[in-house]
Amino acid sequence: MQMVRQLILLVSLTGESNFEPKPAEAATIDAMTKTFPTPRLSKSKIISGRQCERRIWLEVYRPELRRFNPIQRARLQRGTDFGVLARALLGGGELVDFGHDHRSAISRTSELLGSANPPEHIFEAAITHQNVIVRVDALRTIGNEFDLIEVKSSTEVKEYFIEDCAIQTWVARGAGLPIRRVMLGLLNPNVGISDWSRSGESLRLQDVTDQVSERLAKVHVWVRRFESVLHSPEPSIIPGPQCIVPFGCPFVHRCGPTRLPPACESTERRSHPDTSAEDSSTPSAC
Ligand code: SF4
């Protein structure tokens with residue numbers, strides 16, 4: 001991966017004006033996909049792969065091509081802000097804060113899990129299993145067990161939230177952690193969108209253990225599939241509704257114009273953070 005990153009840096013420094021890799025660069029990336037160890041997968045990469053296999057490939061090998069529009073950036077920032085608020089509302093605990101230094105984060109998480117008196121919550125716990133790493137928003141200590149809490153700045157449960165939780169639960173249990181329940185930390189719909197950052201009642205927990213259990217067996221299949229994708233050339237997937245549902249893909253400029261049914265275009269408009277907590281409905285046409 002170090003050589004891949006160096007290549008990516010080299011590509012960005014050459015100031016390419018279109019985003020097609022030059023033939024020699026494309027050949028080098030293709031060669032790397034065949035010969036290098038599988039890059040470590042993360043929860044977000046698996047969720048990207050669930051949206052589109054071309055997206056996960058680009059996330060790993062051409063991340064410099066990502067372009068987030070202002071709406072996407074605002075939504076990402078709101079998610080970050082709500083995550084910080086949620087930590088305060090959940091109660092006491094210790095934040096495992098090592099940025100992208102996953103090795104240190106995993107080490108510190110292991111220390112906390114192995115201590116005689118683990119904190120009430122371990123925030124951003126770093127756990128790995130079978131070459132997949134996840135950062136859990138909060139692990140709540142319940143005796144000798146844990147509740148896994150995933151925070152989402154949305155008022156409603158969505159399918160990909162459940163898949164997100166299933167990936168984390170698969171990793172945590174695979175690493176030996178006894179996960180008792182899985183909870184989503186959502187925006188309280190009774191708190192107005194303009195007040196949620198100031199209210200002490202903005203967070204509501206919803207138990208999704210049963211829904212997660214139904215999807216756990218699929219995670220292993222996803223992981224093996226995406227490992228295979230990452231050992232192959234860039235998938236030739238054409239743009240379509242998957243480019244904006246369940247969320248906008250930051251590689252649309254790379255893949256070309258997206259022709260969407262009108263219902264899907266209205267979905268994109270509804271995702272604006274000023275108009276709803278987060279788009280929660282997927283039109284059947286998409
Ligand atoms: S823009 Fe569309 S086709 Fe291209 S990677 Fe993203 S989801 Fe896939």
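Scope of this entry: the structure provided in the associated data block. Owing to the predicted nature of the structure, the values given are computational and were not obtained by experimental measurement.

Considering the site of the ligand
Here comes step 1: Neighbouring residues of the ligand: 13 residues in total, closest Cys 52, Arg 55, Cys 243, Cys 249 and Cys 255.
Here comes step 2: Those elements that place two or more of their residues in the shell around the ligand are helix H4 (53–61) and helix H9 (252–255).
Here comes step 3: The dominant element in the shell around the ligand, judged by the number of residues it contributes, is H4, at three residues.
Here comes step 4: A breakdown of the residues in the shell around the ligand according to their chemical character gives nine nonpolar, two polar and two charged.

Looking at the packing of helix H3 (residues 43–51) against helix H7 (residues 159–174)
Here comes step 1: Contact geometry of H3 with H7 gives a least axis separation of 10 Å together with a crossing angle of 135°. The angle between the axes of H3 and H7 places the two elements in the oblique class. Classified by chirality, the crossing of H7 by H3 is right-handed. Judged by residue contacts, Lys 43, Ile 46, Ile 47 and Arg 50 of H3 engage Tyr 160, Glu 163, Asp 164, Ile 167 and Gln 168 from H7.
Here comes step 2: Among the residues making up the contact of H3 with H7, the classes are represented as four nonpolar, one polar and four charged.

Considering the pairing of strand S5 (residues 145–151)
Within a regular strand, the side chains alternate between the two sheet faces.
Here comes step 1: Most of S5 is tucked away, with five of its seven residues classed as buried.
Here comes step 2: In this structure, strand S4 (residues 132–142) lies alongside S5, joined through five bridges in antiparallel fashion. Residue pairing in the sheet places Ala 138 in a bridge with Ile 149 of S5.
Here comes step 3: Note that S5 and strand S6 (residues 179–187) share six bridges and pair parallel. Residue pairing for S6: Ile 149 is matched across the bridge by Met 183.
Here comes step 4: Between the parallel elements S5 and S6, the chain passes through H7 in a crossover that is right-handed.

Remarks on helix H6 (residues 102–114)
Here comes step 1: Between its first and last C-alpha, H6 extends 18 Å over 13 residues, near the 18 Å set by a 1.5 Å rise per residue.
Here comes step 2: Those residues of H6 that fall on the buried side of the exposure criterion are Ala 105, Arg 108 and Thr 109. The buried residues of H6 all sit within an arc of 100° when viewed along its axis, so they share a single face. Facing away from the buried surface of H6 by more than 90 degrees, the exposed residues are Arg 103, Glu 111 and Gly 114.

Notes on H3
Here comes step 1: Among all positions of H3, only Lys 43, Lys 45, Ile 46, Ser 48, Gly 49 and Arg 50 are buried.
Here comes step 2: Buried residues along H3 sit in contact with strand S1 (41–42), H4, S4, H7 and helix H8 (209–229).

Some thoughts on the environment of Gly 92
Here comes step 1: Along the chain, the position of Gly 92 falls in the loop between helix H5 (70–90) and strand S2 (94–95).
Here comes step 2: When the C-alpha atoms of Gly 92 and Glu 120 are compared, they prove to be 6.0 Å apart, with 28 residues separating the residues in sequence.
Here comes step 3: Those residues in contact with Gly 92 that lie beyond four places of it in its chain are Pro 119, Glu 120 and His 121.

Some thoughts on unusual backbone geometry
Here comes step 1: Omega for the bond connecting Val 245 with Pro 246 falls within 30 degrees of zero, at 10°, which places this linkage in the cis form.
Here comes step 2: Tracing the backbone through its elements, the reader meets Pro 246 in the loop between H8 and H9.
Here comes step 3: In this structure, Glu 124 takes a positive phi of about 60° despite not being glycine.
Here comes step 4: If you trace the backbone, Glu 124 turns up in strand S3 (residues 121–129).

What about the nonpolar core?
Here comes step 1: Of all hydrophobic cores here, the largest spans 54 residues; its most connected members are Val 136, Leu 148 and Cys 165.
Here comes step 2: Sorting the residues of this core by element identifies H4, H5, S3, S4, S5, H7, S6 and H8 as the ones contributing at least two each.
Here comes step 3: Element by element, the count of residues in this core is highest for H7, at seven residues.

Reading the values: rules and limits
Residues numbered from 1 in each chain as written. Predicted model: local features only at pLDDT ≥ 70, side-chain atom pairs only at ≥ 80, totals over all residues. Near = placed C-beta within 6 Å. Helix = DSSP H or I, 4+ residues; strand = E, 2+ residues; numbered from the N terminus. Nonpolar A, V, L, I, M, F, W, Y, C, P; charged D, E, K, R; others polar. Axes fitted to C-alpha atoms, helices over the stretch in contact; angles between N-to-C directions. Parallel < 35°, antiparallel > 145°, perpendicular 65-115°, else oblique. Left-handed = near helix turned anticlockwise from the far one by under 90°. Contact = placed C-beta atoms within 7 Å. Buried ≥ 20, exposed ≤ 12 C-beta atoms within 10 Å, placed from the backbone. Pairing = 2+ DSSP bridges. Right-handed = clockwise from strand over helix to strand, strands pointing away. Expected span 1.5 Å × (residues − 1). Arc of directions from axis to C-beta. Core = buried A, V, L, I, M, F, W, Y, C linked by C-beta atoms within 7 Å.

Any functional reading would require information that these geometric values do not contain.
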